[in-house]
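Working through the structure, step by step
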Amino acid sequence: MSDAAALPGQPRGGVVSGPATPRTVNVLAPNASPMTLDGTNTWIVAEPDSDLAVVIDPGPQDDAHLRAVVDTAERAGRRIALTLLTHGHPDHAEGAARFAELTRTKVRALDPVLRLGDEGLTAGDVITIGGLELRVVPTPGHTADSLSFHLPADRAVLTGDTVLGRGTTVVAHPDGRLGDYLDSLRRLRSLTVDDGVHTVLPGHGPVLEDAQGAVDFYLAHRAHRLAQVETAIEAGHRTPAELVAHVYADVDRSLWPAAELSVRAQLEYLSEHGLV
């Protein structure tokens with residue numbers, strides 16, 4: 001869920017739909033919009049020699065898309081064995097119940113409301129299916145329930161909406177919190193340093209081949225926006241709407257409602273740190 005168009009200095013991306021790494025294939029949902037970029041990336045993840053696959057974020061309630069995901073896996077000789085959710089926004093999770101019905105799989109998520117089956121997801125969980133290993137990384141901030149999935153064998157991380165392939169993501173206040181989001185970006189950066197992650201497989205937009213560069217860009221962008229909000233407040237802009245009009249003047253107005261959520265999160269962060 002994007003709150004801005006691509007900005008100067010953003011790392012360029014690669015594949016939008018189709019094979020992305022040796023273990024991942026993206027099936028792009030037909031829900032393109034200013035908020036969802038090209039559409040939701042539904043990821044099929046499997047070991048190259050396995051007949052079992054995991055699907056991350058089935059996407060919207062679109063039966064043709066859900067069946068296309070199943071067909072893509074079956075054409076590769078694979079059965080979908082599990083469904084995972086990065087978070088509960090409808091463009092990622094609305095189709096999960098129908099997808100579980102089509103595939104007879106359980107749905108695992110951090111939020112109990114989204115789960116189908118007894119098992120949820122928590123920080124540090126390791127999911128193993130058909131030789132595949134996915135590690136659950138807590139990345140709250142965009143939403144409270146946001147998760148990422150580290151795929152060590154491909155030196156990749158599936159980030160949902162925490163890092164996008166183009167533009168920047170919204171901190172969806174009040175559920176999303178800027179302090180949490182900054183901590184999550186730092187956690188992802190540590191994966192690039194400590195675990196050699198170099199590829200971001202995002203929930204929207206193209207694949208990013210420079211994971212560290214992408215996270216550094218996001219951290220710098222957040223610091224820049226926060227400084228802009230502080231300066232705008234000092235200049236007399238007070239309400240979220242006034243701050244959006246001033247700070248996000250370069251952003252398409254259709255994205256201003258999303259930008260206002262981020263501004264509210266920024267104001268909360270500044271207040272918590274005694275800066276306003």
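Above this note sits the structure.
A short tour of the structure in this document, coming up. Predicted model, so just to flag it, every value in this text is computed and none were measured. (Residues numbered from 1 in each chain as written. Predicted model: local features only at pLDDT ≥ 70, side-chain atom pairs only at ≥ 80, totals over all residues. Heavy atoms only, no water.)

So, the sheet that holds strand β7 (residues 107-108)
Test applied: The pairing criterion for strands is at least two bridges between them, as found by DSSP. Per the convention used, a helix needs a DSSP run of H or I reaching at least four residues, while a strand needs a run of E reaching at least two, with both numbered from the N terminus. The contact criterion used is simple: two residues touch if any of their non-hydrogen atoms lie within 4.5 Å. Between the N-to-C directions of two axes lies an angle of 0 to 180 degrees, each axis being a line fitted to C-alpha atoms and, for a helix, fitted only over the stretch in contact.
As summarised here, the arrangement of the 6 strands in space is β2-β3-β4-β5-β6-β7, forming an open sheet in which the pairing is mixed. Here the strands that pair on one side only, and so sit at the sheet edges, are β2 (18-21) and β7. This element, helix α1 (residues 63-75), spans β3 (24-28), β4 (41-45), β5 (52-56) and β6 (79-84) of the sheet and lies at about 155° to β3. Across the sheet, helix α3 (residues 96-103) touches β5, β6 and β7, and the angle it forms with β6 is around 155°.

Overview of empty space enclosed by the protein
Using the following cut-off: Only protein atoms enter the calculation, which uses a 1 Å grid: trapped sets of points that fit a 1.4 Å probe without letting it out are cavities, open sets showing protein on both sides within 12 Å along at least five of seven lines are pockets, and any residue with an atom within 4 Å of a point is a lining residue. Grid points are joined across faces, edges and corners, and a volume is the space filled by probe spheres set on the points. Polar here means any residue other than Ala, Val, Leu, Ile, Met, Phe, Trp, Tyr, Cys and Pro, which are nonpolar, and Asp, Glu, Lys and Arg, which are charged; Gly is therefore polar.
What the rule picks out here adds up to 1 cavity of 30 Å³ or more. Here the largest cavity is characterised by a volume of approximately 40 Å³. As for the largest cavity, its lining consists of V157, T159, V163, L188, T192, V197, V200, A211 and V215. Grouping the constituent residues of the lining of the largest cavity by class yields 7 nonpolar, 2 polar and no charged.

Some words on the pairing of β3
Here β2 runs beside β3; their pairing, made up of 3 bridges, is antiparallel. Each residue of the ladder has a partner; that of T21, found in β3, is T24. Inspection of the sheet shows β3 paired to β4 by 5 bridges, in the antiparallel sense. By the bridge assignment for β4, L28 is matched with N41.

Here's the deal with the packing of helix α5 (residues 211-234) against helix α6 (residues 240-247)
Rules: By definition, turning the near helix anticlockwise from the far helix through less than a right angle yields a left-handed crossing, and turning it clockwise yields a right-handed one.
Orientation of α5 relative to α6, taken along the N-to-C sense of each, is 115°, at an axis distance of 10 Å. For the pair α5 and α6, the sense of crossing is right-handed. For the pair α5 and α6, the contacting residues are R225, Q228, V229, A232 and I233 in the first and L243, H246 and V247 in the second. Split by residue class, the contact of α5 with α6 holds 5 nonpolar, 2 polar and 1 charged.

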